[in-house]
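Chain residues, written in single-letter form:
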Amino acid sequence: MKEQTSLANELFHRLFPICRSITGHGVRETLRIIREYAEFNLLEYPSGTKCYDWEIPKEWNIKDAYIKNSKGEKVIDFQKSNLHVVNYSLPIHKTISLAELKPHLHTLPQLPEAVPYRTSYYREDWGFCLSQNQYDSLAKDETLEVYIDSTLKDGHLTIAEGILRGKSNKEFLISTYCCHPSLANDNLSGVILTTLLFRELQQHQLRHTYRFLILPETIGAIAYLAHHQEEMKSLAGGFVITTVAGPGTIGYKETFRQNHLIDRVVLQTFKEENVAYRLYPFKPDGSDERQYSSPGFRIPVATITKDKYYEYDYYHTSLDDLNFVSAANLVETLKLYVAAIEKLEMNQTYLSLNPYGEVQLGKRGLYPQTGGAINQKPNSDQESGQREFPNQTSGDFPSSKSVPKAHIDLDALTWFLFLADGQHSLMDMAERTGLPMKQLDEIAKLLMEKNLVRVIDEECC
Ligand code: ZN
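Everything quoted here is computed from the prediction, not taken from an experiment.

Conventions adopted
- Residues numbered from 1 in each chain as written.
- Predicted model: local features only at pLDDT ≥ 70, side-chain atom pairs only at ≥ 80, totals over all residues.
- Heavy atoms only, no water.
- Helix = DSSP H or I, 4+ residues; strand = E, 2+ residues; numbered from the N terminus.
- Contact = heavy atoms within 4.5 Å.
- Areas by Shrake-Rupley, 256 points an atom, 1.4 Å probe, with all protein chains shown as cover.
- Lys, Arg positive; Asp, Glu negative; His and termini not counted.
- Charge placed at Lys NZ, Arg CZ, Asp CG, Glu CD.
- Donors = N, O, S within 2.8 Å, 3.2 Å for Na, K, Ca; no water.
- Buried < 20%, exposed > 50% of the residue type's maximum accessible area, 1.4 Å probe, protein only.
- Core = buried A, V, L, I, M, F, W, Y, C linked by side-chain atoms within 4.5 Å.
- Phe/Tyr/Trp six-rings, centres within 6.5 Å; stacked < 30°, edge-to-face > 60°.
- Lys NZ or Arg CZ within 6 Å of the ring centre and 35° of its normal.
- Polar contact = N/O pair within 3.5 Å; in protein donor to acceptor, adjacent residues only side chain to side chain.
- Pairing = 2+ DSSP bridges.
- Right-handed = clockwise from strand over helix to strand, strands pointing away.
- Salt bridge = Lys/Arg side-chain N within 4 Å of Asp/Glu carboxyl O.

Asks: Describe the overall build of the protein, listing the residues and the values that go with them.
Replies: In terms of regular secondary structure, the protein is built from 13 helices and 21 strands. For the protein, the spread of C-alpha atoms along the principal axes amounts to about 95 × 45 × 35 Å. In the protein, 79% of the contacts between residues at least 6 apart in sequence involve partners at least 24 apart. Total accessible area on the protein stands at roughly 20100 Å², and carbon and sulfur atoms take up 47% of it. Once the 49 positive and 60 negative side-chain charges of the protein are each reduced to a mean point, those two points are 1 Å apart.

In C-alpha coordinates form, the structure reads like this:
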(Lines give C-alpha, C1' and ligand atoms only; values in the text may rest on other atoms or scores of the structure.)
Protein backbone atom coordinates (compact mmCIF):
# COMPACT_ATOMS: atom_id res chain seq x y z
CA MET A 1 0.00 0.00 0.00
CA LYS A 2 3.01 2.27 0.38
CA GLU A 3 3.36 2.61 -3.35
CA GLN A 4 -0.31 3.57 -3.62
CA THR A 5 0.09 6.31 -1.02
CA SER A 6 3.02 7.85 -2.83
CA LEU A 7 1.24 7.58 -6.19
CA ALA A 8 -1.83 9.24 -4.71
CA ASN A 9 0.33 12.03 -3.36
CA GLU A 10 2.08 12.51 -6.68
CA LEU A 11 -1.24 12.66 -8.56
CA PHE A 12 -2.75 15.10 -6.06
CA HIS A 13 0.17 17.47 -6.63
CA ARG A 14 0.25 17.10 -10.40
CA LEU A 15 -3.50 17.43 -10.97
CA PHE A 16 -4.67 19.88 -8.31
CA PRO A 17 -3.50 23.10 -10.05
CA ILE A 18 -5.27 22.35 -13.35
CA CYS A 19 -8.36 24.42 -14.21
CA ARG A 20 -10.90 21.79 -15.21
CA SER A 21 -14.46 22.21 -16.42
CA ILE A 22 -17.01 20.06 -18.24
CA THR A 23 -15.08 20.59 -21.48
CA GLY A 24 -11.75 22.05 -22.55
CA HIS A 25 -8.01 21.77 -22.19
CA GLY A 26 -8.06 21.28 -18.39
CA VAL A 27 -9.99 18.00 -18.71
CA ARG A 28 -7.77 16.89 -21.62
CA GLU A 29 -4.59 17.66 -19.67
CA THR A 30 -5.96 15.83 -16.61
CA LEU A 31 -6.83 12.75 -18.66
CA ARG A 32 -3.47 12.90 -20.47
CA ILE A 33 -1.73 12.68 -17.09
CA ILE A 34 -4.06 9.90 -15.88
CA ARG A 35 -3.17 7.91 -18.99
CA GLU A 36 0.47 7.90 -17.86
CA TYR A 37 -0.74 5.77 -14.93
CA ALA A 38 -3.58 3.68 -16.36
CA GLU A 39 -4.57 2.47 -19.82
CA PHE A 40 -7.67 4.48 -20.60
CA ASN A 41 -8.94 5.39 -24.09
CA LEU A 42 -10.09 8.90 -24.90
CA LEU A 43 -13.51 9.58 -26.41
CA GLU A 44 -14.52 12.98 -27.74
CA TYR A 45 -18.04 14.09 -28.63
CA PRO A 46 -18.55 17.31 -30.63
CA SER A 47 -20.45 20.34 -29.35
CA GLY A 48 -24.05 20.34 -30.48
CA THR A 49 -24.42 16.53 -30.34
CA LYS A 50 -27.88 15.65 -29.06
CA CYS A 51 -27.81 13.20 -26.14
CA TYR A 52 -31.34 12.34 -25.02
CA ASP A 53 -32.77 15.54 -23.51
CA TRP A 54 -29.37 17.26 -23.50
CA GLU A 55 -26.89 18.69 -25.93
CA ILE A 56 -23.08 18.75 -25.71
CA PRO A 57 -22.26 22.39 -24.94
CA LYS A 58 -19.64 24.58 -26.54
CA GLU A 59 -16.10 24.04 -25.33
CA TRP A 60 -14.85 26.48 -22.71
CA ASN A 61 -11.23 27.48 -22.24
CA ILE A 62 -9.62 30.17 -20.14
CA LYS A 63 -6.16 31.73 -20.03
CA ASP A 64 -6.40 34.51 -17.49
CA ALA A 65 -8.72 36.70 -15.44
CA TYR A 66 -8.48 39.42 -12.83
CA ILE A 67 -10.15 42.36 -11.10
CA LYS A 68 -7.97 45.45 -10.72
CA ASN A 69 -8.66 48.26 -8.26
CA SER A 70 -8.44 51.96 -9.09
CA LYS A 71 -4.68 51.90 -8.35
CA GLY A 72 -4.24 49.24 -11.03
CA GLU A 73 -3.50 46.50 -8.47
CA LYS A 74 -4.83 42.99 -9.14
CA VAL A 75 -7.09 42.32 -6.18
CA ILE A 76 -8.52 39.12 -7.63
CA ASP A 77 -6.18 37.00 -9.72
CA PHE A 78 -7.11 33.81 -11.61
CA GLN A 79 -3.41 32.84 -11.59
CA LYS A 80 -3.59 32.52 -7.79
CA SER A 81 -6.77 30.42 -7.77
CA ASN A 82 -8.82 29.16 -10.70
CA LEU A 83 -11.88 29.18 -8.43
CA HIS A 84 -11.92 32.99 -8.76
CA VAL A 85 -13.73 32.78 -12.10
CA VAL A 86 -17.24 31.38 -12.40
CA ASN A 87 -16.67 28.24 -14.48
CA TYR A 88 -17.88 28.82 -18.09
CA SER A 89 -17.68 32.62 -17.81
CA LEU A 90 -17.88 34.53 -21.08
CA PRO A 91 -14.94 36.79 -21.97
CA ILE A 92 -15.12 40.39 -20.74
CA HIS A 93 -12.82 43.39 -20.40
CA LYS A 94 -14.16 46.66 -19.06
CA THR A 95 -14.06 49.17 -16.26
CA ILE A 96 -17.28 49.16 -14.30
CA SER A 97 -18.76 50.50 -11.12
CA LEU A 98 -18.94 48.39 -7.99
CA ALA A 99 -22.76 48.48 -8.18
CA GLU A 100 -22.65 47.08 -11.71
CA LEU A 101 -20.11 44.43 -10.73
CA LYS A 102 -21.85 43.30 -7.57
CA PRO A 103 -24.41 40.92 -9.19
CA HIS A 104 -21.44 39.12 -10.77
CA LEU A 105 -19.63 38.52 -7.47
CA HIS A 106 -20.05 35.42 -5.28
CA THR A 107 -18.89 35.19 -1.67
CA LEU A 108 -19.51 33.01 1.37
CA PRO A 109 -20.06 35.29 4.38
CA GLN A 110 -20.23 32.31 6.75
CA LEU A 111 -16.69 31.22 5.74
CA PRO A 112 -15.07 34.64 5.22
CA GLU A 113 -11.65 33.33 4.15
CA ALA A 114 -13.03 30.82 1.60
CA VAL A 115 -13.57 31.34 -2.13
CA PRO A 116 -16.72 29.54 -3.29
CA TYR A 117 -16.86 27.34 -6.42
CA ARG A 118 -19.59 28.37 -8.87
CA THR A 119 -20.49 27.39 -12.44
CA SER A 120 -22.66 28.72 -15.23
CA TYR A 121 -22.61 25.93 -17.80
CA TYR A 122 -26.01 26.37 -19.35
CA ARG A 123 -26.62 30.11 -18.91
CA GLU A 124 -24.24 32.41 -20.76
CA ASP A 125 -22.92 34.73 -18.08
CA TRP A 126 -19.70 35.79 -16.38
CA GLY A 127 -18.69 36.23 -12.78
CA PHE A 128 -16.04 36.13 -10.09
CA CYS A 129 -15.84 34.22 -6.82
CA LEU A 130 -13.93 35.71 -3.93
CA SER A 131 -13.63 35.44 -0.20
CA GLN A 132 -15.75 37.73 1.93
CA ASN A 133 -12.49 39.27 3.21
CA GLN A 134 -11.39 40.05 -0.37
CA TYR A 135 -14.80 41.50 -1.12
CA ASP A 136 -14.63 43.80 1.91
CA SER A 137 -11.36 45.31 0.74
CA LEU A 138 -12.36 45.47 -2.93
CA ALA A 139 -15.63 47.23 -2.06
CA LYS A 140 -13.67 50.31 -0.97
CA ASP A 141 -13.28 51.26 -4.64
CA GLU A 142 -16.02 52.76 -6.76
CA THR A 143 -14.71 51.61 -10.13
CA LEU A 144 -12.92 48.40 -11.01
CA GLU A 145 -11.39 46.81 -14.10
CA VAL A 146 -12.66 43.32 -14.86
CA TYR A 147 -10.92 41.01 -17.31
CA ILE A 148 -11.70 37.45 -18.32
CA ASP A 149 -9.70 35.97 -21.19
CA SER A 150 -11.86 32.97 -22.04
CA THR A 151 -13.35 31.37 -25.14
CA LEU A 152 -16.63 29.55 -25.63
CA LYS A 153 -16.62 27.89 -29.06
CA ASP A 154 -17.64 24.71 -30.81
CA GLY A 155 -15.29 21.96 -29.69
CA HIS A 156 -15.58 18.67 -27.84
CA LEU A 157 -16.46 16.99 -24.58
CA THR A 158 -13.75 14.56 -23.49
CA ILE A 159 -14.16 11.27 -21.63
CA ALA A 160 -11.71 8.55 -20.56
CA GLU A 161 -12.75 4.90 -20.64
CA GLY A 162 -10.87 1.81 -19.51
CA ILE A 163 -12.16 -1.75 -19.64
CA LEU A 164 -10.74 -4.70 -17.69
CA ARG A 165 -12.21 -7.88 -19.09
CA GLY A 166 -13.13 -10.93 -17.05
CA LYS A 167 -14.49 -14.31 -18.07
CA SER A 168 -18.04 -14.09 -16.71
CA ASN A 169 -20.84 -12.40 -18.59
CA LYS A 170 -21.25 -9.86 -15.78
CA GLU A 171 -19.98 -6.35 -16.08
CA PHE A 172 -19.70 -3.67 -13.40
CA LEU A 173 -19.25 0.07 -13.70
CA ILE A 174 -16.70 2.26 -11.92
CA SER A 175 -17.37 5.93 -12.74
CA THR A 176 -16.07 9.25 -11.48
CA TYR A 177 -16.21 12.89 -12.57
CA CYS A 178 -13.34 15.17 -13.54
CA CYS A 179 -15.01 18.52 -14.16
CA HIS A 180 -14.10 20.36 -10.94
CA PRO A 181 -11.16 22.79 -10.97
CA SER A 182 -8.80 23.05 -7.97
CA LEU A 183 -10.92 21.22 -5.40
CA ALA A 184 -9.26 18.26 -3.73
CA ASN A 185 -11.84 16.05 -2.04
CA ASP A 186 -14.63 16.88 -4.50
CA ASN A 187 -13.51 15.45 -6.74
CA LEU A 188 -9.85 15.10 -7.52
CA SER A 189 -9.75 12.39 -4.85
CA GLY A 190 -12.33 10.39 -6.83
CA VAL A 191 -10.31 10.68 -10.05
CA ILE A 192 -7.17 9.48 -8.28
CA LEU A 193 -8.87 6.61 -6.46
CA THR A 194 -10.42 5.45 -9.74
CA THR A 195 -6.99 5.46 -11.38
CA LEU A 196 -5.41 3.49 -8.54
CA LEU A 197 -8.32 1.05 -8.46
CA PHE A 198 -7.85 0.38 -12.18
CA ARG A 199 -4.15 -0.35 -11.56
CA GLU A 200 -5.00 -2.61 -8.62
CA LEU A 201 -7.65 -4.68 -10.44
CA GLN A 202 -5.41 -4.94 -13.49
CA GLN A 203 -3.02 -7.05 -11.43
CA HIS A 204 -5.64 -9.76 -10.88
CA GLN A 205 -7.21 -12.38 -13.04
CA LEU A 206 -10.76 -11.08 -12.95
CA ARG A 207 -13.94 -13.10 -13.10
CA HIS A 208 -16.12 -10.15 -14.05
CA THR A 209 -15.58 -7.23 -16.43
CA TYR A 210 -15.10 -3.72 -15.04
CA ARG A 211 -15.82 -0.63 -17.12
CA PHE A 212 -14.04 2.48 -15.79
CA LEU A 213 -15.20 5.95 -16.80
CA ILE A 214 -13.71 9.34 -15.96
CA LEU A 215 -16.02 12.01 -17.31
CA PRO A 216 -17.56 15.42 -16.69
CA GLU A 217 -20.43 15.05 -14.24
CA THR A 218 -24.00 14.87 -15.63
CA ILE A 219 -23.44 15.81 -19.29
CA GLY A 220 -20.46 13.43 -19.57
CA ALA A 221 -22.41 10.50 -18.12
CA ILE A 222 -25.44 11.31 -20.29
CA ALA A 223 -23.29 11.60 -23.41
CA TYR A 224 -21.59 8.29 -22.68
CA LEU A 225 -24.90 6.53 -22.00
CA ALA A 226 -26.39 7.91 -25.20
CA HIS A 227 -23.47 6.51 -27.19
CA HIS A 228 -23.41 3.10 -25.43
CA GLN A 229 -27.08 2.58 -24.66
CA GLU A 230 -27.42 -1.16 -25.27
CA GLU A 231 -24.13 -2.11 -23.57
CA MET A 232 -24.89 0.03 -20.55
CA LYS A 233 -28.37 -1.43 -20.13
CA SER A 234 -26.85 -4.81 -19.37
CA LEU A 235 -24.50 -3.67 -16.59
CA ALA A 236 -24.96 -5.57 -13.34
CA GLY A 237 -24.15 -2.71 -10.95
CA GLY A 238 -21.37 -0.39 -9.99
CA PHE A 239 -19.89 2.49 -8.09
CA VAL A 240 -19.70 6.24 -8.54
CA ILE A 241 -16.49 7.28 -6.84
CA THR A 242 -16.47 10.72 -5.21
CA THR A 243 -15.10 12.53 -2.14
CA VAL A 244 -12.89 9.77 -0.78
CA ALA A 245 -9.93 11.44 0.96
CA GLY A 246 -11.25 13.78 3.67
CA PRO A 247 -10.47 13.53 7.38
CA GLY A 248 -14.04 12.61 8.39
CA THR A 249 -16.01 9.40 8.64
CA ILE A 250 -16.56 6.77 6.00
CA GLY A 251 -19.97 7.16 4.39
CA TYR A 252 -22.05 4.83 2.28
CA LYS A 253 -24.73 5.92 -0.16
CA GLU A 254 -26.67 2.80 -1.03
CA THR A 255 -28.03 1.81 -4.45
CA PHE A 256 -31.63 2.64 -5.37
CA ARG A 257 -32.40 -1.05 -4.90
CA GLN A 258 -31.09 -0.83 -1.31
CA ASN A 259 -30.43 -4.54 -0.94
CA HIS A 260 -28.62 -5.26 -4.16
CA LEU A 261 -25.48 -7.39 -4.24
CA ILE A 262 -23.49 -4.13 -4.43
CA ASP A 263 -25.00 -3.01 -1.11
CA ARG A 264 -24.41 -6.39 0.45
CA VAL A 265 -20.74 -6.64 -0.50
CA VAL A 266 -20.08 -3.15 0.85
CA LEU A 267 -21.89 -3.74 4.13
CA GLN A 268 -20.18 -7.11 4.50
CA THR A 269 -16.83 -5.37 3.95
CA PHE A 270 -17.61 -2.81 6.66
CA LYS A 271 -18.61 -5.60 9.02
CA GLU A 272 -15.54 -7.68 8.36
CA GLU A 273 -13.17 -4.70 8.54
CA ASN A 274 -14.93 -3.27 11.58
CA VAL A 275 -15.56 0.05 9.83
CA ALA A 276 -17.73 2.65 11.58
CA TYR A 277 -19.70 4.34 8.82
CA ARG A 278 -22.61 6.63 8.16
CA LEU A 279 -25.37 5.30 5.92
CA TYR A 280 -26.94 7.61 3.36
CA PRO A 281 -30.16 6.09 2.01
CA PHE A 282 -30.57 6.41 -1.74
CA LYS A 283 -31.96 9.70 -3.02
CA PRO A 284 -32.04 10.84 -6.64
CA ASP A 285 -29.42 13.53 -5.91
CA GLY A 286 -25.66 13.46 -5.57
CA SER A 287 -23.70 12.47 -8.63
CA ASP A 288 -24.06 10.34 -11.75
CA GLU A 289 -26.11 7.60 -10.06
CA ARG A 290 -28.92 9.89 -11.21
CA GLN A 291 -28.02 9.02 -14.80
CA TYR A 292 -26.90 5.39 -14.46
CA SER A 293 -29.88 4.40 -12.31
CA SER A 294 -32.45 6.38 -14.33
CA PRO A 295 -35.51 4.40 -15.54
CA GLY A 296 -33.99 3.58 -18.94
CA PHE A 297 -30.86 2.03 -17.41
CA ARG A 298 -31.52 1.11 -13.79
CA ILE A 299 -27.91 0.21 -13.03
CA PRO A 300 -27.68 -0.12 -9.24
CA VAL A 301 -24.85 2.22 -8.30
CA ALA A 302 -23.46 2.99 -4.85
CA THR A 303 -20.81 5.27 -3.37
CA ILE A 304 -18.33 4.82 -0.51
CA THR A 305 -17.10 8.23 0.65
CA LYS A 306 -14.72 9.73 3.17
CA ASP A 307 -16.20 13.13 3.93
CA LYS A 308 -19.18 12.98 1.62
CA TYR A 309 -20.06 15.86 -0.71
CA TYR A 310 -22.69 18.25 0.72
CA GLU A 311 -21.71 17.22 4.25
CA TYR A 312 -18.39 18.90 5.03
CA ASP A 313 -18.02 22.63 5.69
CA TYR A 314 -15.36 23.16 3.03
CA TYR A 315 -17.46 21.49 0.28
CA HIS A 316 -17.25 23.52 -2.97
CA THR A 317 -14.86 26.08 -1.50
CA SER A 318 -11.16 26.89 -1.81
CA LEU A 319 -10.64 25.28 1.62
CA ASP A 320 -11.22 21.88 -0.01
CA ASP A 321 -7.54 21.89 -0.90
CA LEU A 322 -4.49 19.68 -0.48
CA ASN A 323 -4.39 20.46 3.26
CA PHE A 324 -7.90 19.08 3.70
CA VAL A 325 -7.27 15.70 2.05
CA SER A 326 -4.52 13.14 2.47
CA ALA A 327 -3.15 10.33 0.34
CA ALA A 328 -3.41 8.04 3.39
CA ASN A 329 -7.14 8.76 3.70
CA LEU A 330 -7.57 8.06 0.01
CA VAL A 331 -5.79 4.72 0.30
CA GLU A 332 -7.95 3.82 3.31
CA THR A 333 -11.07 4.29 1.15
CA LEU A 334 -9.41 2.54 -1.80
CA LYS A 335 -8.90 -0.56 0.37
CA LEU A 336 -12.64 -0.66 1.07
CA TYR A 337 -13.50 -0.49 -2.63
CA VAL A 338 -10.97 -3.23 -3.34
CA ALA A 339 -12.37 -5.41 -0.53
CA ALA A 340 -15.94 -4.92 -1.77
CA ILE A 341 -14.96 -5.82 -5.36
CA GLU A 342 -13.04 -8.81 -4.05
CA LYS A 343 -16.35 -10.02 -2.61
CA LEU A 344 -18.14 -9.50 -5.93
CA GLU A 345 -15.46 -11.67 -7.47
CA MET A 346 -15.77 -14.39 -4.81
CA ASN A 347 -19.54 -14.57 -4.83
CA GLN A 348 -20.29 -17.86 -6.53
CA THR A 349 -22.93 -20.46 -5.69
CA TYR A 350 -21.86 -23.99 -4.81
CA LEU A 351 -23.63 -27.31 -4.95
CA SER A 352 -22.70 -30.25 -2.73
CA LEU A 353 -21.88 -33.41 -4.68
CA ASN A 354 -22.82 -35.46 -1.58
CA PRO A 355 -26.09 -33.86 -0.58
CA TYR A 356 -27.66 -36.91 1.07
CA GLY A 357 -26.67 -36.90 4.72
CA GLU A 358 -23.43 -35.56 6.06
CA VAL A 359 -20.20 -35.86 4.17
CA GLN A 360 -17.78 -38.17 5.94
CA LEU A 361 -14.99 -35.72 6.57
CA GLY A 362 -12.68 -38.11 8.41
CA LYS A 363 -11.81 -40.25 5.42
CA ARG A 364 -10.91 -37.12 3.49
CA GLY A 365 -8.58 -35.78 6.17
CA LEU A 366 -10.97 -32.97 7.03
CA TYR A 367 -11.93 -34.09 10.54
CA PRO A 368 -9.96 -34.17 13.81
CA GLN A 369 -8.27 -37.53 14.36
CA THR A 370 -9.63 -37.92 17.88
CA GLY A 371 -13.39 -37.92 18.19
CA GLY A 372 -15.26 -36.48 21.14
CA ALA A 373 -13.28 -33.26 21.56
CA ILE A 374 -15.42 -31.08 19.31
CA ASN A 375 -17.00 -28.15 21.09
CA GLN A 376 -14.88 -28.75 24.19
CA LYS A 377 -12.46 -26.14 25.39
CA PRO A 378 -9.57 -26.40 22.94
CA ASN A 379 -6.08 -27.15 24.21
CA SER A 380 -4.62 -27.46 20.76
CA ASP A 381 -5.56 -26.66 17.21
CA GLN A 382 -6.14 -30.33 16.50
CA GLU A 383 -8.63 -30.80 19.27
CA SER A 384 -10.56 -27.66 18.54
CA GLY A 385 -11.16 -28.84 15.04
CA GLN A 386 -8.72 -26.36 13.50
CA ARG A 387 -6.56 -27.62 10.67
CA GLU A 388 -3.99 -25.92 8.58
CA PHE A 389 -4.23 -26.07 4.88
CA PRO A 390 -2.11 -24.38 2.29
CA ASN A 391 -3.28 -21.22 0.62
CA GLN A 392 -4.43 -21.31 -2.91
CA THR A 393 -1.63 -19.70 -4.81
CA SER A 394 -3.11 -19.17 -8.25
CA GLY A 395 -3.30 -15.64 -9.58
CA ASP A 396 -7.06 -15.63 -9.18
CA PHE A 397 -8.52 -12.61 -7.49
CA PRO A 398 -8.74 -12.41 -4.48
CA SER A 399 -6.05 -14.82 -3.34
CA SER A 400 -3.04 -12.80 -2.45
CA LYS A 401 0.58 -13.62 -1.92
CA SER A 402 0.56 -12.19 1.57
CA VAL A 403 -2.39 -14.02 3.17
CA PRO A 404 -1.10 -15.95 6.22
CA LYS A 405 -1.73 -19.67 6.49
CA ALA A 406 -5.36 -20.12 7.28
CA HIS A 407 -7.01 -22.77 9.43
CA ILE A 408 -9.95 -24.93 8.66
CA ASP A 409 -12.58 -24.16 11.16
CA LEU A 410 -14.70 -27.28 11.44
CA ASP A 411 -17.80 -25.21 12.16
CA ALA A 412 -17.18 -23.15 9.04
CA LEU A 413 -16.62 -26.27 6.96
CA THR A 414 -19.83 -27.92 8.13
CA TRP A 415 -21.78 -24.70 7.64
CA PHE A 416 -20.46 -24.47 4.11
CA LEU A 417 -21.42 -28.04 3.26
CA PHE A 418 -24.80 -27.58 4.91
CA LEU A 419 -25.58 -24.50 2.81
CA ALA A 420 -24.08 -25.81 -0.45
CA ASP A 421 -27.48 -26.58 -1.92
CA GLY A 422 -27.21 -24.43 -5.02
CA GLN A 423 -29.54 -21.88 -3.46
CA HIS A 424 -27.07 -20.02 -1.25
CA SER A 425 -24.37 -17.86 -2.80
CA LEU A 426 -21.16 -17.26 -0.88
CA MET A 427 -22.60 -13.88 0.10
CA ASP A 428 -25.72 -15.60 1.51
CA MET A 429 -23.48 -17.96 3.45
CA ALA A 430 -21.45 -15.08 4.92
CA GLU A 431 -24.61 -13.28 6.01
CA ARG A 432 -26.17 -16.44 7.40
CA THR A 433 -23.12 -17.64 9.34
CA GLY A 434 -21.25 -14.45 10.22
CA LEU A 435 -18.12 -15.96 8.68
CA PRO A 436 -15.81 -13.80 6.53
CA MET A 437 -16.23 -14.34 2.80
CA LYS A 438 -12.55 -14.95 2.32
CA GLN A 439 -12.69 -17.86 4.77
CA LEU A 440 -15.70 -19.30 2.95
CA ASP A 441 -13.92 -18.82 -0.37
CA GLU A 442 -10.91 -20.74 0.92
CA ILE A 443 -13.18 -23.55 2.12
CA ALA A 444 -14.83 -23.57 -1.32
CA LYS A 445 -11.46 -24.02 -3.00
CA LEU A 446 -10.54 -26.84 -0.65
CA LEU A 447 -13.87 -28.63 -1.17
CA MET A 448 -13.57 -28.23 -4.93
CA GLU A 449 -10.14 -29.82 -4.73
CA LYS A 450 -11.64 -32.74 -2.74
CA ASN A 451 -14.40 -32.99 -5.34
CA LEU A 452 -17.10 -32.38 -2.72
CA VAL A 453 -18.75 -29.32 -4.30
CA ARG A 454 -19.01 -27.70 -7.68
CA VAL A 455 -19.83 -24.19 -8.82
CA ILE A 456 -23.20 -23.73 -10.38
CA ASP A 457 -24.42 -20.83 -12.53
CA GLU A 458 -23.41 -17.26 -11.88
CA GLU A 459 -24.75 -15.89 -8.64
CA CYS A 460 -27.88 -13.89 -8.88
CA CYS A 461 -27.89 -10.16 -8.09
ZN1 ZN B 1 -19.07 18.95 -6.71
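Asks: A description of the coordination of the zinc ion should follow, citing residues and the corresponding values.
Replies: Within the protein, the atoms that donate to the zinc ion are His 180 (NE2), Asp 186 (OD) and His 316 (NE2), at distances of 2.1 Å. For the zinc ion, the single-chain donor residues occur in sequence as H-x5-D-x129-H. Of the two residues, His 180 sits in the loop between β11 (171–177) and α5 (184–202) while His 316 sits in the loop between β16 (301–306) and α10 (327–346), which places them 136 residues apart along the sequence. Accessibility classification places His 180 together with His 316 in one group, the buried group.

Asks: Explain the nonpolar core to me, and be specific about the residues and the numbers.
Replies: Counting residues in hydrophobic clusters, the biggest one holds 85 residues, and the most contacted among them are Leu 197, Phe 239 and Phe 416. Residue contributions to this core peak at ten residues, all from α10. Here Leu 197 is in contact with Ile 174, Phe 212, Ile 241, Leu 334, Tyr 337, Val 338 and Ile 341, once residues within four sequence places are set aside. Tyr 135, Val 146, Ala 221 and Val 301 belong to the second largest nonpolar core, which has 55 residues in total.

Asks: Explain unusual backbone geometry residue by residue, including any values.
Replies: Cis geometry is found at the peptide bond from Asp 186 to Asn 187, where omega equals 5 degrees. For Asn 187, the location among the structural elements is in helix α5. Here Asn 274, not a glycine, exhibits a phi torsion of approximately 60 degrees, which is positive. With respect to the helices and strands, the residue Asn 274 is situated in the loop between α8 (261–273) and β15 (277–280).

Asks: Any chance you could break down the packing of aromatic side chains for me, citing the residues and the numbers?
Replies: Within the structure shown, the criterion is met by 22 aromatic pairs. On the basis of an interplanar angle of 85 degrees and a centroid distance of 5.5 Å, the ring pair of Tyr 88 and Tyr 121 is categorised as edge-to-face. Of the two residues, Tyr 88 sits in the loop between β5 (74–77) and β6 (92–97) while Tyr 121 sits in the loop between β7 (105–106) and β8 (128–129), which places them 33 residues apart along the sequence. Tyr 121 matches Tyr 88 in its accessibility class, with the two residues each being buried. Pairing Tyr 312 with Tyr 315 gives two aromatic rings, centres 5.9 Å apart and planes at 80 degrees, and the pair type is edge-to-face. Each member of the aromatic cluster is reached from another via a ring pair, and the members are Tyr 309, Tyr 310, Tyr 312, Tyr 314, Tyr 315 and Phe 324. If you follow Lys 308 out to its NZ or CZ, it ends over the ring of Tyr 280, 4.7 Å from the centre. For the cation-ring pair, Lys 308 lies above Tyr 309, with the distance from its terminal atom to the ring centre recorded as 4.0 Å.

Asks: Lay out the environment of Asn 82 with the relevant residues and their values.
Replies: Along the polypeptide, Asn 82 turns up in the loop between β5 and β6. Put simply, Asn 82 and Ile 341 are 259 residues apart on the chain and 36 Å apart in space, counted from C-alpha to C-alpha. Within polar-contact distance, the side chain of Asn 82 engages the backbone oxygen of Pro 17 at 3.2 Å.

Asks: With reference to specific residues and values, describe the pairing of strand β14 (residues 250–253).
Replies: Along β14, one buried face is formed by Ile 250 and Tyr 252 and the opposite face, lined by Gly 251 and Lys 253, is buried too. Note that β14 and β15 share four bridges and pair parallel. If you follow Gly 251 over to β15, its bridge partner there is Arg 278. Once you follow β14 into α8 and on to β15, the crossover reads as right-handed. With four bridges joining them, β14 and β16 adopt antiparallel strand pairing. Pairing of Gly 251 across the sheet is with Thr 305, part of β16.

Asks: Report on the pattern of salt bridges, specifying residues and quantitative values.
Replies: Under the defined criterion, the tally for this structure stands at 21 salt bridges. The salt bridge partner of Arg 32 is Glu 29, with a shortest N-O separation of 3.0 Å. Placement of the pair is Arg 32 and Glu 29 together in helix α2 (residues 25–37), with a separation of three residues, close to one helical turn. Note on Arg 32: relative accessible area 42%, which makes it partly exposed. Looking at Glu 29, the relative accessible area reads 30%, which means it is partly exposed. The shortest N-O distance in the salt bridge between Arg 211 and Glu 231 comes to 2.9 Å. In this pair, Arg 211 sits in strand β12 (residues 209–215) while Glu 231 sits in helix α7 (residues 229–233), placing the two residues 20 residues apart along the sequence.

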